[in-house]
Structures are given as C-alpha cells and as structure tokens.
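# Architecture and fold: a report
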Amino acid sequence: MSESAHQGRQWLWLLLGGLALVAVATFFIAEHGWLRAILLGLGGLVVVFASSEMMIKAVDGYAKRKKMNSFVAGTMAGLSSNIPELVMLGFVLMATPRVGFVVTVLTLHVGAAAFGLYCGALPRDVEGNAKLPKPLVGLSTDLYAAAAGVFFSLGVIMLLMKAFATDAGADVSLSVRDLYVFGAILLIIQVVAVSRLVQRFSSDHTPASEEDVPLEKAHDEDNMPVSVIAGFALAGIAASVVGGHSVGEFAGTLVEKLEAAGYSEMFGAVILSLFASAGAFVMIGTAHFQKKYSIAMANASGAITQVPFLVLPIAMIMLAIFTQTGVIPPLPGSGGVIPIDIHTTSAILLGFPSMLVLWKAVQDDGQVNWLETSTMIAIFLLVIYLLVAHG
C-alpha cells in the first residue's frame, strides 16, 4: 500500500480503533471506575479525531468543486474540523456546565502556551528570532488584537457585575440572556473575518502582493462526487456524536473522582483542557516533523483564534439553550447559568495578556524571540497556578 493510500484511509483506522475502545468500556466494563473512564476518554477522543478528518475531506471536496483556492479551502477545512469538537464540548457542558465553560476558555491559554513552545522549536537566526510565515503575520494580527479586546471587555464586565451587585451577599451569574448576547456578538466577528478572507482570496482573485496565495486550478476529473462529500459529512457528524458522548462521560467521571480524592474542580478542568487540545498538538507535531513549518504555525495560530470567535460563543449559546430546555438546571438563588467567581472571571480576564503578547510578538517584526516565547508560557503557568491553587 502506498503512503498516500495509507494517509487517505487514516480516518478509517482511527474510527475503528476509537469505536473498539468505546465498545470495550461500554459493554465489557460494568464498574464506573478509572479504567472505564480512561477507555471512554481515549476512545471518544480518537473517534472525534476521525470525525474531524471526515469533515475536512467533505469540505475539501466541496471547495475543489467550487474552484476555491488552497488558502480558502484550507481555512474552511480548519473551521469544519471544529464541528466534532463542538459536539464533544456540548456533552461536556451538559455533564459539568461550569467546568465545561472554564475548559473552553482554558483551551485558549493552552493554545497560546503551545504557540510559544512551538516557536521555541522553530529554526532561529543568529539573534535568536524565529521568523513567522507572512500570511500568518498579515491575517492573524487583527484577530489577536480583537481577541485581546474581547477578553478584557468580558472580564471587566464580569468584575463590574460582581462588584456592583444590588445585594452584596448575593450570588452573581451570567444569565441565559447574557450568554445569548455575548455569543451572538462574538460570532459576528468570526463571520466578518471569514467573509473578508473569501473576498480577498476568492477564485477570481489576482495576487497583488507576496503575502497573497495564488489560485490553484483543479481538474474536473479530480473532483469528489457529491454523494461522497455528503457521505463524509454525515458520517463525520454521526461519529462526533458517539465520540462526544464518550468524552462527556469521561469528563463527568474525572471531575467526580478528583473531587472525591480531595482535588479541586478546577484541577479536573486543567486536565480536560489539555485533553481537549491533544488534536491540535498532534497536527502541529506531524507538520513539524514533515518540515512543513508554515502549516504547523497555521495550525498553532488557528487553535488560538478560533476559540474566542467560534468555540467560546457557540459554547455560550449551547449553555443558554441547555438551560432554557431544562437539560441543565439553573443555578440556585441567582437562576443564572455560569457563576461569576474567581475561576470563571480569571480564566476570561487573563486571556487578555495572552492575546496582547501574541499580537505584539507577531505584529512588530513578524518574528518571535525568546523573551516573547517565555512570556506566553509564563502567563499560561500563572493561570494554571491560580486555578489549581485557589480552586
């Protein structure tokens, strides 16, 4: 079997292996202990990886039929790979809403730390600077700055709601209406970013600068049939439900077992955030070992920019829907959804310095030096310490 054929069927081996682990945990292990939880978590995560591959194949096939260039097609494929992860996140939010919310925000801090760590692995010049791809410099700086503003604004709003509550002793929380409004506003930024990307790199676009990506012509005989595209999409969604449900069970068991052992709820959230980011780590590592540094950097950057404008707002809207439909109960006393406390507020507010450092590192000279790398990692460690030590 050729290497291309093996890579083409990688999603199938991942799917079969993940389903086997889930089946063993579900049908052969009756006790709800660590072994069952670990098998469900690993199996569910592998199934989510497979469903992401299937969604990417579906979108890539659609993009070729629509004569999209490689940059737009790659971006759309990256966005579609979030669908299985969002399904997985939905099950985690249903199992543990507060932990799921913190995990969603923590994935940004994990992504920023991974970006910094990966910059440390990039080839550097004699001055210790790692040069970043020009498309990354040109397209990501605005999103980093916007994300910094968003996290600062949300964090300050939460602090003001807590500080100026009408009853000083009352519990303050984000309501269903708050989550709908915040989620809708953040999604608008993602829609604008994608629409401008398509306009700039549309199929009729003529590159005007060295940062632009030229159009790649595709032959009609290479196009994927519509039925195959639809099959990949439907199978990817179905697999994401199975994998997401398994990871949701793992999340519930993990938090329950850690609390019983005397660990804080936030310690489980930190572990889950690392667990949820494993897919991005795999993609970055694979591209790096193939010496495709630009692709690896694009994956590292995408893992950051898609959290505040796609993953977080959809998580907010899902929490609001789950509360309205009775899937998760409202908080006692306040009747809200997400409590405003040191954990939820710090996770949001401390996203501001991470995004600010990223914007500065990329925008000023298109290079990342050792000081900027160490700063991104230090911010991540400070957030983790705050959550674990004071959880």
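Bear in mind the structure is a predicted one, so any value in this text is a computation, not a measurement.

Rules of the game
- Starting afresh in each chain, residues are numbered from 1 along the sequence in its written order.
- Totals for whole chains, interfaces and linings use every residue, but because this is a predicted model, local features are given only for residues with pLDDT of at least 70 and side-chain atom pairs only at 80 or more, for both listing and counting.
- Each side-chain value is derived from all of the structure's non-hydrogen atoms; neither hydrogens nor water enter the calculation.
- The numbering of helices and of strands both runs from the N terminus, where a helix is a DSSP run of H or I of at least 4 residues and a strand a run of E of at least 2.
- Exposure categories follow from relative accessible area, calculated using a 1.4 Å probe and restricted to protein chains: below 20% of the type maximum is buried, above 50% is exposed, and the middle band is partly exposed.
- Whether two residues touch is decided by their heavy atoms; if any such pair falls within 4.5 Å, the residues are in contact.
- Shrake-Rupley sampling with a 1.4 Å probe provides the accessible areas, and residues are treated as covered by the protein chains on show and by no other component.
- Residues with no salt bridge and a relative accessible area higher than 30% make up the patches, which join like charges within 9 Å and nonpolar side chains (Val, Leu, Ile, Met, Phe, Trp, Tyr) within 5 Å.
- Just to be clear on terms, a salt bridge is a Lys or Arg side-chain nitrogen sitting within 4 Å of an Asp or Glu carboxyl oxygen.
- Helix axes are fitted only over the stretch in contact, all axes being lines through C-alpha atoms; the angle between N-to-C directions runs from 0 to 180 degrees.
- An angle below 35 degrees is treated as roughly parallel, one above 145 as roughly antiparallel, one from 65 to 115 as roughly perpendicular, and anything else as oblique.
- What makes a crossing left-handed is the near helix being turned counterclockwise from the far one by less than a right angle; a clockwise turn instead makes it right-handed.
- One less than the number of residues in a helix, times 1.5 Å, gives the span that helix is expected to have.
- In this analysis the local bend is the angle between axes fitted, respectively, to the seven residues ending at and the seven residues starting at the residue.
- pLDDT is a residue-level measure of predictor confidence that goes from 0 to 100.
- Side-chain atoms within 4.5 Å link the members of a nonpolar core, which is a set of buried Ala, Val, Leu, Ile, Met, Phe, Trp, Tyr and Cys residues.

### Some details on the overall build of the protein
The secondary structure content of the protein amounts to 15 helices and four strands. Counting only residues that meet the buried cut, the protein has 46% of its 391 residues in that class. The contacts in the protein between residues at least 6 apart in sequence include a share of 80% that link residues at least 24 apart. Only carbon and sulfur atoms are counted for the fraction: they give 66% of the accessible area of the protein, which is about 18400 Å².

### Remarks on a nonpolar patch on the surface
On the surface, L21, W34, I38 and L42 cluster together into a nonpolar patch covering about 340 Å² of accessible area. No other element matches helix α3 (residues 34-65), which puts three residues into the nonpolar patch. Within the fold, W34 resides in helix α3.

### Let's talk about the packing of helix α14 (residues 351-363) against helix α15 (residues 370-389)
Interhelical geometry of α14 versus α15 gives an angle of 170° and a closest axis separation of 10 Å. When the interaxial angle is binned, α14 and α15 end up roughly antiparallel. The hand of the α14/α15 crossing is left-handed. The segment α14 lies against α15, with P353, S354, V357, L358, K360 and A361 engaging E372, T375, M376 and I379.

### Considering helix α6 (residues 97-121)
In a regular helix each residue adds 1.5 Å, so 25 residues correspond to 36 Å; α6 covers 36 Å between its end C-alpha atoms and thus fits that length. V105 marks the point of greatest bend in α6, at about 25°.

### As for the pattern of salt bridges
Taken as a whole, this structure holds two salt bridges when the rule is applied. For the salt bridge of E249 with R36, the shortest nitrogen-to-oxygen distance reads 3.3 Å. Pair noted here: E249 is in helix α9 (residues 226-260) and R36 is in helix α3, with a separation of 213 residues, a long-range link. Judged by relative accessible area, which is 29%, E249 ranks as partly exposed.

### A short note on helix α10 (residues 265-276)
Relative to the 16 Å expected for twelve residues at 1.5 Å per residue, α10 spans 17 Å between its end C-alpha atoms, a close match to the ideal helical length. Residues of α10 that are buried include every one of M266, G268, A269, V270, L272, S273 and F275, and no others.

### Details of the confidence of the model for the protein
On average, residues of the protein carry a pLDDT of 78, and 78% of them reach 70 or more. Mean pLDDT values for the elements of the protein range from 47 in helix α1 (residues 3-8) up to 92 in strand β3 (residues 338-339). Below a pLDDT of 50 lies the segment residues 1-6, which in the model reaches three contacts outside its immediate sequence neighbourhood of four places, other chains included. For residues 207-216, every residue scores under 50 in pLDDT, and the model assigns this stretch 22 contacts once sequence neighbours within four places are set aside.

### Focus on the side chain of S346
Here S346 is to be found in helix α13 (residues 342-349). Sequence-distant contacts of S346, defined by excluding residues within four places in its chain, comprise D341, L386 and L387.

### A word on the nonpolar core
Counting 79 residues, the largest nonpolar core has F115 and M355 as the members making the most contacts within it. The biggest single contributor to this core is helix α12 (residues 293-324), with 14 residues. Grouped together as the second largest cluster of nonpolar side chains are nine residues, W11, V47, A58 and I229 included.

### Some points on the environment of A63
With respect to the helices and strands, A63 occurs in helix α3. Note on A63: relative accessible area 1%, which makes it buried.

### Some points on the environment of G33
Take G33: it is sitting in the loop between α2 (10-27) and α3. Residue classification places G33 among the buried positions, given a relative accessible area of 12%. A sequence separation of 220 residues divides G33 from T253, and the C-alpha atoms of the two residues are 7.9 Å apart. The residues touching G33, leaving out its near neighbours within four places in the chain, are T253 and K257.

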